[in-house]
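Examination of the molecular architecture
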Protein chains: 4
Amino acid sequence: MFDMLHEECGVFGVWSPERTDVAEMVYYGLYALQHRGQESCGIALSDDGVFRQHRADGLVGDVFNRAALEELGQGSIAVGHVRYSTTGGKNPNNIQPVVVCHIKGNMALCHNGNLVNANSLRSEHEMRGGIFHGTTDTESIAYTIVSERLRAPSTEEAVAQAMPRIQGAYACVLMTATKLIAFRDKNGFRPLCYGQTAEGAYVVASESCALSAVGARFIREVEPGEVLIIGADGVRSDRRHCGRAASLCLFEYIYFARPDSVIGGASVYAARKRAGMYLAKASPAKADVVIGVPDSGLDAAIGFSQESGIPYGVGFVKNRYVGRSYIAPNQRMRENAVRIKLNVIADTVRDKRVVLIDDSIVRGTTSARIVGLLREAGAREVHMRISSPPFRHPCYFGTDVDSQENLIACRLPDVEAIARYIGADSLAYLSVQDAHRLAGDEGCRFCDGCFTGQYPIPIPEEQGKNKFEQPLTRRSSK
Amino acid sequence: MFDMLHEECGVFGVWSPERTDVAEMVYYGLYALQHRGQESCGIALSDDGVFRQHRADGLVGDVFNRAALEELGQGSIAVGHVRYSTTGGKNPNNIQPVVVCHIKGNMALCHNGNLVNANSLRSEHEMRGGIFHGTTDTESIAYTIVSERLRAPSTEEAVAQAMPRIQGAYACVLMTATKLIAFRDKNGFRPLCYGQTAEGAYVVASESCALSAVGARFIREVEPGEVLIIGADGVRSDRRHCGRAASLCLFEYIYFARPDSVIGGASVYAARKRAGMYLAKASPAKADVVIGVPDSGLDAAIGFSQESGIPYGVGFVKNRYVGRSYIAPNQRMRENAVRIKLNVIADTVRDKRVVLIDDSIVRGTTSARIVGLLREAGAREVHMRISSPPFRHPCYFGTDVDSQENLIACRLPDVEAIARYIGADSLAYLSVQDAHRLAGDEGCRFCDGCFTGQYPIPIPEEQGKNKFEQPLTRRSSK
Amino acid sequence: MFDMLHEECGVFGVWSPERTDVAEMVYYGLYALQHRGQESCGIALSDDGVFRQHRADGLVGDVFNRAALEELGQGSIAVGHVRYSTTGGKNPNNIQPVVVCHIKGNMALCHNGNLVNANSLRSEHEMRGGIFHGTTDTESIAYTIVSERLRAPSTEEAVAQAMPRIQGAYACVLMTATKLIAFRDKNGFRPLCYGQTAEGAYVVASESCALSAVGARFIREVEPGEVLIIGADGVRSDRRHCGRAASLCLFEYIYFARPDSVIGGASVYAARKRAGMYLAKASPAKADVVIGVPDSGLDAAIGFSQESGIPYGVGFVKNRYVGRSYIAPNQRMRENAVRIKLNVIADTVRDKRVVLIDDSIVRGTTSARIVGLLREAGAREVHMRISSPPFRHPCYFGTDVDSQENLIACRLPDVEAIARYIGADSLAYLSVQDAHRLAGDEGCRFCDGCFTGQYPIPIPEEQGKNKFEQPLTRRSSK
Amino acid sequence: MFDMLHEECGVFGVWSPERTDVAEMVYYGLYALQHRGQESCGIALSDDGVFRQHRADGLVGDVFNRAALEELGQGSIAVGHVRYSTTGGKNPNNIQPVVVCHIKGNMALCHNGNLVNANSLRSEHEMRGGIFHGTTDTESIAYTIVSERLRAPSTEEAVAQAMPRIQGAYACVLMTATKLIAFRDKNGFRPLCYGQTAEGAYVVASESCALSAVGARFIREVEPGEVLIIGADGVRSDRRHCGRAASLCLFEYIYFARPDSVIGGASVYAARKRAGMYLAKASPAKADVVIGVPDSGLDAAIGFSQESGIPYGVGFVKNRYVGRSYIAPNQRMRENAVRIKLNVIADTVRDKRVVLIDDSIVRGTTSARIVGLLREAGAREVHMRISSPPFRHPCYFGTDVDSQENLIACRLPDVEAIARYIGADSLAYLSVQDAHRLAGDEGCRFCDGCFTGQYPIPIPEEQGKNKFEQPLTRRSSK
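All figures in this text were calculated on a predicted structure; none of them were measured in a lab.

So, how was this worked out
- Residues take numbers from 1 onward in each chain, read along the sequence in its written order.
- The naming scheme follows written order: chains are lettered A onward, ligands numbered 1 onward.
- In keeping with the model being predicted, local features are shown solely for residues with a pLDDT of at least 70 and side-chain atom pairs are shown and tallied solely at 80 or more, while totals for entire chains, interfaces and linings include all residues.
- The basis for every side-chain value is the complete set of non-hydrogen atoms in the structure, without hydrogens or water.
- To define a nonpolar core, start from buried Ala, Val, Leu, Ile, Met, Phe, Trp, Tyr and Cys residues and group those joined through side-chain atoms within 4.5 Å.
- Throughout this description, buried means an accessible area under 20% of the type-specific maximum (1.4 Å probe, protein chains only), exposed means over 50%, and partly exposed covers the range between.
- Residues count as neighbours in contact if any of their non-hydrogen atoms are within 4.5 Å of one another.
- Numbering goes from the N terminus for both helices and strands, where a helix is a DSSP run of H or I of at least four residues and a strand is a run of E of at least two.
- Here the quantity called buried area is the accessible surface, traced with a 1.4 Å probe, that two parts lose on coming together, added over both.
- A carboxyl oxygen of Asp or Glu within 4 Å of a side-chain nitrogen of Lys or Arg is what we treat as a salt bridge.
- Polar contact is the term for a pair of N or O atoms within 3.5 Å; when the atoms are in protein, one must be able to donate a hydrogen and the other to accept it, and sequence-neighboring residues count only if both atoms are side-chain atoms.
- Classification convention: Asp, Glu, Lys, Arg as charged; Ala, Val, Leu, Ile, Met, Phe, Trp, Tyr, Cys, Pro as nonpolar; all other residues, Gly among them, as polar.
- Lines fitted to the C-alpha atoms define the axes, with helices restricted to the stretch that makes contact. Angles between their N-to-C directions range from 0 to 180 degrees.
- An angle below 35 degrees is treated as roughly parallel, one above 145 as roughly antiparallel, one from 65 to 115 as roughly perpendicular, and anything else as oblique.
- Should the near helix be turned anticlockwise from the far one by less than a right angle, the crossing is left-handed, and should it be turned clockwise, the crossing is right-handed.
- In superposing the copies, a least-squares fit is computed on C-alpha atoms, taking residues whose pLDDT is at least 70 in both.
- When DSSP finds at least two bridges between two strands, those strands are taken to pair.
- For Phe, Tyr and Trp, rings pair up if their centres lie within 6.5 Å, where Trp contributes its six-membered ring, and each pair is then called stacked (planes under 30 degrees apart), edge-to-face (over 60) or tilted (otherwise).
- For a Lys NZ or an Arg CZ to count as sitting over a ring, it must be within 6 Å of the ring centre and within 35 degrees of the ring normal.

1. Side note on the nonpolar core
In terms of nonpolar packing, the biggest core is built from 93 residues, with Tyr253 and Phe397 of chain C together with Tyr253 of chain D touching the most fellow members. With sequence-adjacent residues up to four places away left out, Tyr253 of chain D is seen in contact with Leu248, Ile263, Gly264, Ala266, Val268, Ala271, Arg272, Leu438, Ala439 and Phe446 of chain D. If you look at the next biggest cluster of nonpolar residues, it comprises 84 residues, including Ile254, Phe256 and Leu430 of chain A together with Val362 of chain B.

2. Looking at helix H15 (residues 415–422) of chain D
Residue and element names in this part refer to chain D. When H15 is considered as a whole, its buried residues turn out to be Ala417, Ile418, Ala419 and Ile422. If you follow the buried residues of H15, they end up packed against helix H13 (365–376), strand S21 (381–386), helix H14 (408–411) and strand S22 (426–429). Immediately downstream of H15, the backbone of Gly423 shows phi near 85 degrees, a positive value.

3. Here we look at the interface of chain D and chain A
Across the contact, 50 residues belong to chain D and 50 residues belong to chain A. For the chain D and chain A pair, buried surface summed over both sides reaches about 4,400 Å², with 52% attributable to carbon and sulfur atoms. Across the chain D-chain A interface, the total number found is 0 salt bridges. Linking chain D with chain A are 5 residue pairs in polar contact (both at pLDDT 80 or more). At the level of secondary structure, the elements contributing two or more residues to the side of chain D that touches chain A comprise strand S3 (50–57), strand S5 (98–102), strand S6 (105–115), helix H4 (118–127) and helix H5 (137–149) of chain D. Here the residues of the side of chain D that touches chain A are counted per class, giving 19 nonpolar, 17 polar and 14 charged.

4. What to know about the packing of helix H9 (residues 268–282) of chain D against helix H10 (residues 298–308) of chain D
Residues and elements named next belong to chain D. Where H9 contacts H10, the axes come no closer than 6 Å and their chain directions differ by 45 degrees. Considering the angle they form, H9 stands oblique to H10. Between H9 and H10 lies a crossing of right-handed hand. Residue-level contacts link Tyr269, Arg272, Lys273, Gly276, Met277, Leu279, Ala280 and Lys281 of H9 to Asp299, Ala300, Ile302, Gly303, Phe304, Gln306, Glu307 and Ser308 of H10. Partitioned by chemical class, the residues of the contact of H9 with H10 number 7 nonpolar, 4 polar and 5 charged.

5. Some details on the interface of chain B and chain A
Of the residues lining the interface, 58 residues belong to chain B; the matching set on chain A comes to 58 residues. Of the roughly 4,700 Å² buried between chain B and chain A, counting both surfaces, carbon and sulfur atoms make up 57%. Summed over the shared surface of chain B and chain A, the number is 0 salt bridges. Counting across the chain B and chain A interface gives 16 residue pairs in polar contact (both at pLDDT 80 or more).

6. Overview of the relation of the copies chain B and chain A
Applying a rotation about an axis and a shift along it to one chain copy brings it onto the other copy. The two copies are related by a screw operation: chain B maps onto chain A through 180 degrees of rotation and 0.0 Å of translation along the axis, at an RMSD of 0.0 Å. When the rotation and shift are considered jointly, the pair of chain copies conforms to a two-fold rotation axis. Distance from the rotation axis, computed per C-alpha, reaches its smallest value in chain B at Arg320 of chain B: 3.6 Å. With an isologous cut-off of 70% or more, the 100% of interface residues of chain B that recur at the interface of chain A puts this contact in the isologous class.

7. Overview of the relation of the copies chain D and chain A
Once turned by 180 degrees and shifted 0.0 Å along the axis, chain D lies on chain A with an RMSD of 0.0 Å. Looking at chain D, 100% of its interface residues are interface residues in chain A too, so the copies touch through the same face.

8. Topic: the side chain of Thr197 of chain C
When you line up the elements, Thr197 of chain C lands in the loop between strand S9 (193–196) and strand S10 (202–205). The contact partners of Thr197 of chain C, leaving out residues within four places of it in the chain, are Met25, Val203, Val214, Gly215 and Ala216 of chain C.

9. Re the sheet that holds strand S7 (residues 168–175) of chain D
Residues and elements named next belong to chain D. The 6 strands lie next to each other as S5-S6-S7-S8-S12-S13, forming an open sheet whose pairing is antiparallel. A strand with exactly one partner marks an edge of an open sheet, and here the two such strands are S5 and strand S13 (234–238). Averaged over all pairs of adjacent strands, the angle between strand axes in this sheet comes to 20 degrees, irrespective of strand direction. Direction of pairing for S7 relative to strand S8 (residues 180–184): antiparallel, over a ladder of 5 bridges. Each residue of the ladder has a partner; that of Cys172, found in S8, is Phe183.

10. Looking at the sheet that holds strand S13 (residues 234–238) of chain A
Residue and element names in this part refer to chain A. Spatially, S5-S6-S7-S8-S12-S13 is the arrangement adopted by the 6 strands of the open sheet, whose pairing is antiparallel. Across the chains shown, the open sheet's two edge strands, defined by having one partner strand only, are strand S5 (98–102) and S13. The average undirected angle you get between the axes of adjacent strands in this sheet is 20 degrees. When strand S6 (residues 105–115) meets strand S7 (residues 168–175), the two strands line up antiparallel, connected through 8 bridges. Bridge pairing links Asn114 to Ala169 in S7. Together, S7, strand S8 (180–184), strand S12 (227–231) and S13 form the strand contacts of helix H6 (residues 155–162), whose direction differs from that of S8 by roughly 10 degrees.

11. A closer look at the pairing of strand S20 (residues 353–358) of chain A
Residues and elements named next belong to chain A. Burial within S20 is extensive, with 5 of its 6 residues counted as buried. Pairing of strand S17 (residues 289–292) with S20, which is carried by 4 bridges, proceeds in the parallel orientation. Pairing of Gly292 across the sheet is with Ile357, part of S20. Where S20 and strand S21 (residues 381–386) come together, 6 bridges link them in parallel fashion. Its bridge partner being in S21, Val355 is matched across the sheet by His383.

12. Describing the pattern of salt bridges
Taken as a whole and assessed by the stated rule, the structure comprises 100 salt bridges over all chains. Where Arg52 of chain A meets Asp47 of chain A, a salt bridge forms, and the shortest distance between an N and an O atom there is 3.0 Å. The class for Asp47 of chain A is buried, based on a relative accessible area of 13%. Across the pair Arg83 of chain B and Glu39 of chain B runs a salt bridge whose closest N-O atoms are separated by 3.4 Å. In this pair, Arg83 of chain B is assigned in strand S4 (residues 75–83) and Glu39 of chain B in the loop between helix H1 (22–33) and strand S2 (40–47), connecting sequence segments 44 residues apart. Overlapping salt bridges, with partners in common, bring together Glu124, Arg128, Glu148, Arg151 and Arg165 of chain A in one network.

13. Observations concerning the packing of aromatic side chains
Counted according to the given criterion, the structure contains 58 aromatic pairs over all chains. Ring geometry for Tyr27 of chain A against Tyr31 of chain A: centres 5.2 Å apart, planes inclined by 90 degrees, an arrangement best described as edge-to-face. Taken together, the positions of Tyr27 of chain A and Tyr31 of chain A, both in helix H1 (residues 22–33) and 4 residues apart, correspond to about one turn of that helix. Classification of Tyr27 of chain A by relative accessible area gives buried; the value is 0%. Arranged with centres 5.6 Å apart and planes meeting at 40 degrees, the rings of Phe251 of chain B and Phe451 of chain B form a pair that is tilted. Of this pair, Phe251 of chain B sits in helix H8 (residues 251–256) while Phe451 of chain B sits in helix H17 (residues 449–452), and the two are 200 residues apart along the sequence. When its relative accessible area of 2% is taken as the criterion, Phe251 of chain B is described as buried. Here the aromatic residues Phe251, Tyr255, Phe256, Phe391 and Phe451 of chain A are joined through ring pairs into a cluster of three or more. The ring of Tyr278 of chain A carries Arg437 of chain A above its face, with NZ or CZ at 4.2 Å from the centroid.

14. With respect to the environment of Arg385 of chain C
Residue and element names in this part refer to chain C. Tracing the backbone through its elements, the reader meets Arg385 in strand S21 (residues 381–386). Taking the relative accessible area as the measure of exposure, Arg385 reaches 4% and is therefore buried. Separated by 106 residues in the primary sequence, Arg385 and Leu279 have C-alpha atoms spaced 7.1 Å apart. Not counting the four nearest positions on each side in its chain, Arg385 is found in contact with Leu279, Ser283, Pro284, Ala285, Phe304, Val355, Leu356, Ile357, Asp358, Ser426, Leu427 and Ala428. Separated by 2.7 Å, the side chain of Arg385 and the backbone oxygen of Ser283 make a polar contact. One polar contact links the side chain of Arg385 to the main-chain carbonyl oxygen of Pro284, over a distance of 3.3 Å.

By themselves, these observations are geometric and do not establish any function.
Written as structure tokens, this is what we have:
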């Protein structure tokens, strides 16, 4: 019902100097990363080299009950994954971690991101007799590392040698019998950081909020291009692929990440407030109250309020109980559907001129409904401000943007037309320039491909995720 | 882990002029009332006099899947209930609606509140050979109405005649084969309102947010002492027991109700903001930022900020995925447990003097942990402000307050001692006088018994809910 | 798909001199009685007067997992029930045990059978203000006992005084805080027996096979009209209502009971073999092999074989995995449906003259299909023999016979016509006289109402179970 | 509790000339094969080249509900598998069908049996960079076929070329986008047959009872060494590996297969009866009744009775409801545990000399308990006869025999000692010579390795299944 963005995944890993409840630590870490993927999840554990795993469709709380955690048992290393995907959901082999055996041992791999050369990597392995169980590009990463491992003296060396062959976005944690290896593509499209607990365990996670969840102190982010090796000898870093300017996904700040995370050196909450401030400066509005669309519009609304001096108010209540088991209303009640999930606090907006902040507009239908709810509740004017630039281009690095024919910023000629479509008295987006200032002035560099069509790395012919679904549908020649 | 208050229930009813999806309407209504009770829920429906029901332990989304709704089918009247209770959970007969057959037909009853003469009512019926299937006082209400129905010419008349015998708090919806009857005790301890959909169906609910959820227009609240009869002849009102000054539970504003509801003529959101404003006037603090404990402290924090001029900030992220299936951390990880549910946004509080608003302090342990989190994140000072007066007395009207030996306001001599216990630099509560002004100056009258020990109606010897559990444990004399 | 008979229930109770795993004993007892009812089940337990219960739809193995048994915990008395019913399944209050509180304490009641004056009993209690939660006649038994208990000095005296008011079939176990009471209607329509374990616990059960399941030694059957009281003083018997000639249901031997049970002094297995022997004498056939329809036709086939000298063979394999979760084939595959559940062993019947024994013919459609399977597998002749007389009349005592317009013995003029309908070369039923000799010559007396239309007690105007469904559908007068 | 044998699997496949309910056909086929594996099951389907699959732990009825079948949808080819295994159960990738993508398309493989060179095959593929997701030898079969497919012009040719490299027992069905391929190792250790439905669909199954379940006419068995190719051109056969004398597993007749199946040209039911007849001739006993241990001892008991003239009787009732969800009794009730599953019909054995037939003795503990039950029920003498020779050697071809230190025939010096151990008055086994005559005189040839230690093919050093578990536990070298 709500048109929105989706990201693919969150990853988490623990290495402990002694046998302990590492599976439980991953369980709590995945709870903290659940916002990055709600479709399936899994944990794999190494107990002195014996691997155990549990993976299934569903939220962390559904997939892992006490019995499942007890069956995983204790160990010294564990990795976990939460996943969102629009396709391939019914192939149980697509659920991560990908756990495989190869000539030199076992390996469990968790991946956030999206490759641009997944198909050619896959073909390369298939041509040597390789077989694939699922349709994800993660399996291609695993194959490439294993093929390097045949010659490389260690798994970490195999990873480092495989990285130039793996193109696109990948923030990964990899578990062997004795080591936890974290690595991140040279552009650093997706975040990855690590820390340490008071007991001395090392923790790697997509976001720092997951370090907090297990009581780990944030040490630093894994650098773009870095391979971090955690084992009995401590933490080592292989930086042979580092050095290129980062191109972190801007939507990590705008929408994906949790506001209590620190990414690219900047607080996500502060970045969102900054987006609101930039909007207040660049696109002011005469109004009585500033409200945000929960949850990701709220912080930007606070920033807009503080910059503009217009009071901040709570405009909506979001129903926290509407989840996977919710049955969507039938045709006759469809009209009211949005109200079950999101209800206006009429007292906030009645007879008021309202500034409404949201993080993005995808198709425009949800925005139109929300503006309608405000007018119905008595808002006199609705000035919509969007804390990101307009979407116009596909993402090849792990964000699931709608197809261009559905994107309102592609369909309509200009901002005024969009404002009319959604019924707002005025509409403004964050500029691309301001978007690059979200992390503050000393912040890192970003990918703005979905706004500008300019991508930090070349996009091969065989673009995009659609092709990943092909292998299972391709017909046998004979 | 979090010490907190609980209320018992939410009720919802629909009467439609024609056979339609009334069970589905109740389903959406219960979703909107889920915050009032997460333990069990149920729906009963009348399809031209044939009753069908479905009730179970669990959230609305767990108990009602598509098959359950389809088995309920269509009808013209339906009632539903969400329930919280600390006891009797395993007796399936305690799950409401209570559906019974009697000499004149069938009846389904949903009740929010708590009687003070439940035991004597129960004994009265038992002495005439009555048998009870559960341990709730709701069954006593049903018995009393049925006993009046033997002589009364209609169910509504039986309700009106039963009301003087039923003492305490009750906001009820009752379904017969052809009518929906709503009634509320003469003090109006618990809220109840009604509205109408565009299609002409009447809807009764504990809170107005549930009317919005099904697209019904709010008409008015059911008055304290009123019996509202909805049937083929339209809506009738029996006001013979009306007229007494209301004594609505103050905690409906402070904690229980959803901010988008209107209760006692006042917006719950506005009341919470007002609590913050009163606190800012009565107990100001020199600080750099005002934050609230999610969710019920947030609105008061906005009010405090606006009254004091100190900027409002978001201090915490609450993990929305931690629910019923969450496995609590073991001893070793207990320390970090609070962080999984509630994490600080360090950027908001680092090196700042912080005003922290929460709705109440029960045992004080959670407040101490939260203050600790802020200090650990770098807050320089923490000034805690509570948007309610201190709890010191039991509630007999449906709020599940902790026992007095656990209440910190009973255990410690004064506010300073409590401040020390929780580690705050200063602490202040809302005054009882200000609490009575929460709904604005022209607002309704309230019960403040849990703060003052002064109750609006006499509390019989056989007080409280504990005795309700006795019948099932009492031994047979022989 | 298979037309068949159904009985209503099995009951089980344990009284232990000390606190122990009585719930677990009931659990194993119900497993042994599962064939008497597969729709729902429940256990109630008294732990020093505190009652706990667990009841739900489903098989014993589905309803009771380890957690449910642990929550019931230990106690000194427990009762349980398995239930079959065609109606009222969705009313959770119909699941037994019926656990109620009354003025003198608590009581849990389990009932096998069917009353003939349930409606008038119900009206009697309703006219005094009584309310009913379910639609079973068991609740009327409970009400009647409780109404006597107001004056009676003990529950057992209340039971004895209530029995003349309760007319029809009832074999019951009743638990109070300190006693286990078993009682059986004066006609003894349904079986009930008791025994003792090596540890000294007393066990009451519908069938002796359930005593074996918990290692209890069979003592004797509860007599028709007897009230058996088990408590701290040992076992007492109240025989004031005994003395009338029994009228045990013949179908307990023919179909309902497990062959390893002893009922009315006779082995059920022996009774079934005897049925086959009587058939072989009265209705011989020239044949090469005798086979039975699993499961209840097998024992009679062995008897027929031994009496006739025709070799016994196994004609069918029944698929043991087809259960509640089985999805019935769609229209296109319907033809083969019977084969999934029941497949012919062609080797047994190919080119043979076959005697086929089944326990009964209800509508005739299943028999026709089975005869068809045999012919398809190459049987040259099929001589069907039925180990019961033809059904022609309703049962008012707890057996769920099809309506008369569906019974083939009512629809078709004579046995030859039925033989033609099912495609058999010959057909014969057990005679009513032989049916009375099933338990051997010194056996007890039986009810043959469903064969003869002659019932051992008068059937009131308000006959049968259909009326029990009325209360929930009756409209309110106003 | 019952010591018993286990086999690994059942396989089933359908090829239909048109798009239809092939998944539903497999579902019913797997129901008929459920006795061959109760641990996990799965179905994969080709809908015009698009593969869909559903696999999980559990029985067919648990894993496949209506929603799962609907999501599989219609197609023209489908394969399915039921699996038993003692190890690796928690690795979801071990559940079959194994569905993989390779350079030439997709493939789904189902396998019954056990390889003797699984480890060397696995190493061979790993040394070329291959990765394994599970620990079954089936994945090695898939890899070997795929590696041949790189050069072979078709999948069937790849299968034929792979077969000499795959050593041991395998009866397989394999689905490509357009073909169903069935193949069986050259010794034919495990059964495989095919048939055709009236609508023209071809069906392949482990046992003929599964053909009956979907209404398919039995055509013939797939020959040892044969590759059967079913596609748009009809059915083709590649017999290049045929010709060797078969060595079918004798336990298919004795225990594994359903009595209504025809294997190796002989009825399984007839083979079991024959076992009883051979025993009666070779090891007669003076007795009053012959009984069998359900289920697999029953048919042999009938044969013994007919050969000896001693009457056949039913000695036990097996509780059909004891399944996966059954909670085993605690220590205190352990004594009675066997009675819950298996109860004696005392009437059959009291004061009698009893011949007791069972299919095998593994550890002897269960036999001892059963003999004890009979004596307790009053049997005067118990003469045990076993319808197979004594187990003394491991099986490498898919039967899960206990370890030699547990086998009573290895632990005790002679049959008399075993008879004493189990408490029987006499004991005799089927001779190996008679075992070879189970299928009648013109029957096929058999493997008797578990009785004689003489295996039809050489067993490599790296024997047995235990090594399959190693890859996941092997440590990484670095």
